Amino acid sequence: MGRLYAMVLEDAAGKMYSCKHCQTHLAASDQIVSKSFHCKHGRAYLFSKVVNVSSGINEDRLMMTGMHTVADIFCVKCGSIVGWKYIAAHEKAQKYKEGKFILERFKIAGPDGTNYWAAHDSEVNGSSDAEEEEA
(Lines give C-alpha, C1' and ligand atoms only; values in the text may rest on other atoms or scores of the structure.)
Protein backbone atom coordinates (compact mmCIF):
# COMPACT_ATOMS: atom_id res chain seq x y z
CA MET A 1 0.00 0.00 0.00
CA GLY A 2 1.27 3.47 -0.85
CA ARG A 3 1.74 6.50 1.32
CA LEU A 4 -1.43 8.34 2.34
CA TYR A 5 -1.70 11.95 1.25
CA ALA A 6 -4.63 13.71 2.88
CA MET A 7 -5.85 16.97 1.38
CA VAL A 8 -5.82 19.93 3.78
CA LEU A 9 -8.75 22.25 3.15
CA GLU A 10 -8.85 26.01 3.32
CA ASP A 11 -11.88 28.21 2.82
CA ALA A 12 -12.33 31.94 3.26
CA ALA A 13 -14.02 31.54 6.64
CA GLY A 14 -11.63 28.80 7.83
CA LYS A 15 -14.54 26.57 8.81
CA MET A 16 -13.82 22.88 8.23
CA TYR A 17 -15.64 19.69 9.10
CA SER A 18 -13.34 16.80 9.99
CA CYS A 19 -13.36 13.18 11.12
CA LYS A 20 -14.06 13.12 14.85
CA HIS A 21 -11.62 10.24 15.34
CA CYS A 22 -8.49 11.47 13.54
CA GLN A 23 -9.27 15.14 12.65
CA THR A 24 -8.70 14.62 8.91
CA HIS A 25 -10.41 17.39 6.94
CA LEU A 26 -13.55 16.19 5.13
CA ALA A 27 -15.40 19.29 3.91
CA ALA A 28 -15.42 23.07 3.98
CA SER A 29 -18.46 24.91 5.31
CA ASP A 30 -18.93 26.69 1.98
CA GLN A 31 -19.76 23.30 0.39
CA ILE A 32 -22.90 22.77 2.53
CA VAL A 33 -26.04 22.44 0.43
CA SER A 34 -28.44 21.76 3.32
CA LYS A 35 -28.34 21.33 7.11
CA SER A 36 -31.92 20.02 7.17
CA PHE A 37 -31.25 16.29 7.00
CA HIS A 38 -31.66 13.70 9.74
CA CYS A 39 -30.25 10.22 10.27
CA LYS A 40 -30.11 7.56 12.96
CA HIS A 41 -27.78 9.61 15.16
CA GLY A 42 -29.47 12.98 14.68
CA ARG A 43 -28.53 15.73 12.26
CA ALA A 44 -26.81 15.20 8.94
CA TYR A 45 -25.58 17.73 6.38
CA LEU A 46 -25.70 17.51 2.60
CA PHE A 47 -22.44 18.65 0.95
CA SER A 48 -21.68 19.28 -2.71
CA LYS A 49 -18.04 18.22 -2.27
CA VAL A 50 -16.04 16.24 0.30
CA VAL A 51 -12.41 15.12 0.33
CA ASN A 52 -10.30 12.47 2.04
CA VAL A 53 -12.98 9.78 1.78
CA SER A 54 -13.15 6.41 0.07
CA SER A 55 -16.39 4.87 -1.16
CA GLY A 56 -17.92 1.51 -0.38
CA ILE A 57 -20.08 -0.50 -2.74
CA ASN A 58 -23.19 0.94 -4.35
CA GLU A 59 -26.45 -0.30 -2.86
CA ASP A 60 -30.12 0.57 -3.14
CA ARG A 61 -31.73 1.93 0.02
CA LEU A 62 -35.36 2.77 0.56
CA MET A 63 -35.48 6.10 2.34
CA MET A 64 -38.34 8.29 3.46
CA THR A 65 -38.19 10.20 0.15
CA GLY A 66 -37.98 7.10 -2.04
CA MET A 67 -35.44 4.64 -3.40
CA HIS A 68 -31.83 5.86 -3.76
CA THR A 69 -28.60 4.20 -4.86
CA VAL A 70 -25.92 5.19 -2.34
CA ALA A 71 -22.38 4.24 -1.32
CA ASP A 72 -21.10 4.58 2.24
CA ILE A 73 -18.07 6.87 2.57
CA PHE A 74 -15.14 6.30 4.91
CA CYS A 75 -12.35 8.52 6.24
CA VAL A 76 -9.19 7.66 4.28
CA LYS A 77 -6.97 8.03 7.33
CA CYS A 78 -8.74 5.99 10.02
CA GLY A 79 -11.41 4.12 8.03
CA SER A 80 -14.37 5.36 10.09
CA ILE A 81 -17.68 5.58 8.25
CA VAL A 82 -18.66 9.26 8.07
CA GLY A 83 -21.73 9.20 5.81
CA TRP A 84 -22.60 8.29 2.24
CA LYS A 85 -22.72 9.53 -1.33
CA TYR A 86 -25.91 9.69 -3.38
CA ILE A 87 -25.20 7.85 -6.62
CA ALA A 88 -28.72 7.92 -8.06
CA ALA A 89 -32.18 9.02 -7.03
CA HIS A 90 -34.99 6.96 -8.52
CA GLU A 91 -37.60 9.72 -8.17
CA LYS A 92 -37.49 12.87 -10.27
CA ALA A 93 -37.95 15.25 -7.32
CA GLN A 94 -34.88 13.79 -5.58
CA LYS A 95 -32.44 14.07 -8.52
CA TYR A 96 -30.77 17.15 -6.91
CA LYS A 97 -29.08 14.76 -4.41
CA GLU A 98 -27.17 12.83 -7.09
CA GLY A 99 -23.41 13.21 -6.76
CA LYS A 100 -23.73 14.89 -3.35
CA PHE A 101 -22.62 13.64 0.05
CA ILE A 102 -24.17 13.20 3.48
CA LEU A 103 -21.90 13.71 6.49
CA GLU A 104 -23.51 12.62 9.74
CA ARG A 105 -22.89 15.22 12.47
CA PHE A 106 -22.48 12.48 15.07
CA LYS A 107 -19.50 11.14 13.12
CA ILE A 108 -17.66 14.39 12.38
CA ALA A 109 -16.22 17.34 14.29
CA GLY A 110 -17.61 20.79 13.58
CA PRO A 111 -15.64 23.85 12.49
CA ASP A 112 -15.02 24.79 16.12
CA GLY A 113 -13.75 21.29 16.91
CA THR A 114 -16.87 20.21 18.79
CA ASN A 115 -18.42 16.78 18.46
CA TYR A 116 -22.18 16.32 18.35
CA TRP A 117 -23.76 13.61 20.44
CA ALA A 118 -26.84 11.61 19.51
CA ALA A 119 -30.00 12.26 21.41
CA HIS A 120 -31.46 9.16 23.02
CA ASP A 121 -34.73 9.48 21.06
CA SER A 122 -33.00 9.73 17.70
CA GLU A 123 -30.87 6.69 18.46
CA VAL A 124 -33.84 4.56 19.48
CA ASN A 125 -36.41 5.77 16.95
CA GLY A 126 -34.28 7.11 14.11
CA SER A 127 -33.57 5.81 10.67
CA SER A 128 -30.12 4.95 9.38
CA ASP A 129 -30.86 6.99 6.26
CA ALA A 130 -30.73 10.76 6.15
CA GLU A 131 -33.72 12.63 4.89
CA GLU A 132 -34.48 16.28 4.49
CA GLU A 133 -37.03 17.82 6.82
CA GLU A 134 -40.18 19.14 5.28
CA ALA A 135 -40.35 22.93 5.55
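Reference entry: report on the structure contained in this document. From a predicted model like this one, the values you see are computed outputs, not experimental measurements.

### Side note on the state of the cysteines
Inspection of the entire model under this criterion finds 0 disulfides. Free cysteine cysteine 75: the closest other cysteine sulfur is in cysteine 22, separated by 3.5 Å. Relative accessible area serves as the criterion here: at 2%, cysteine 75 is assigned to the buried category.

### Thoughts on the pattern of salt bridges
Considering all chains together, one arrives at 4 salt bridges under this definition. Glutamate 59 is paired through a salt bridge with arginine 61; the nearest N and O atoms lie 2.9 Å apart. Taking relative accessible area as the criterion, glutamate 59 reaches 33% and is therefore assigned partly exposed. Salt-bridge contacts for arginine 61 lead to aspartate 72; the nearest nitrogen and oxygen are separated by 2.5 Å. Residue arginine 61 is located in strand β5 (residues 53–63), and its partner aspartate 72 is located in strand β6 (residues 66–75); the two are separated by 11 residues in the primary sequence. No difference in accessibility class separates arginine 61 from aspartate 72, as the two residues are buried.

### Comments concerning the sheet that holds strand β1 (residues 16–19)
Taken together, 3 strands build an open sheet; the order of strands is β2-β1-β9 and the sheet is antiparallel. In this open sheet, the two edge strands, each paired with only one partner strand, are β2 (25–28) and β9 (108–109). Bridge count between β1 and β9: 2 bridges; the pairing is antiparallel. Looking across to β9, one finds that serine 18 is bridged to alanine 109.

### Things to note about the pairing of β6
Working note: regular strand, side chains alternate between the two faces of the sheet. Of all 10 residues making up β6, 8 are buried, and the element is well covered by its neighbours. With 9 bridges joining them, β5 and β6 adopt antiparallel strand pairing. Paired with methionine 63 across the strands is glycine 66, a residue of β6.

### Considering unusual backbone geometry
Phi at glutamine 23 is positive, roughly 65°, even though this residue is not glycine. Relative to the helices and strands, glutamine 23 resides in the loop between β1 and β2. Given the relative accessible area of 49%, glutamine 23 is considered partly exposed. At asparagine 52, a residue that is not glycine, the phi angle is positive and equals roughly 60°. Examined against the element boundaries, asparagine 52 turns out to sit in the loop between β4 (42–47) and β5. Given the relative accessible area of 10%, asparagine 52 is considered buried.

### Notes on the nonpolar core
Leu26, Phe47, Val50, Ile73, Val82, Leu103 and Ile108 are the most contacted members of the largest nonpolar core, which totals 14 residues. When contributions to this core are tallied by element, the ones reaching two or more residues are β1, β2, β4, β6 and β8 (101–104). Counting 9 residues, the second-largest nonpolar core is a separate cluster that includes Cys39, Ala44, Leu46 and Val70.

What counts, and at which threshold
Residues numbered from 1 in each chain as written. Predicted model: local features only at pLDDT ≥ 70, side-chain atom pairs only at ≥ 80, totals over all residues. Heavy atoms only, no water. Disulfide = S-S within 2.5 Å. Buried < 20%, exposed > 50% of the residue type's maximum accessible area, 1.4 Å probe, protein only. Salt bridge = Lys/Arg side-chain N within 4 Å of Asp/Glu carboxyl O. Helix = DSSP H or I, 4+ residues; strand = E, 2+ residues; numbered from the N terminus. Pairing = 2+ DSSP bridges. Core = buried A, V, L, I, M, F, W, Y, C linked by side-chain atoms within 4.5 Å.

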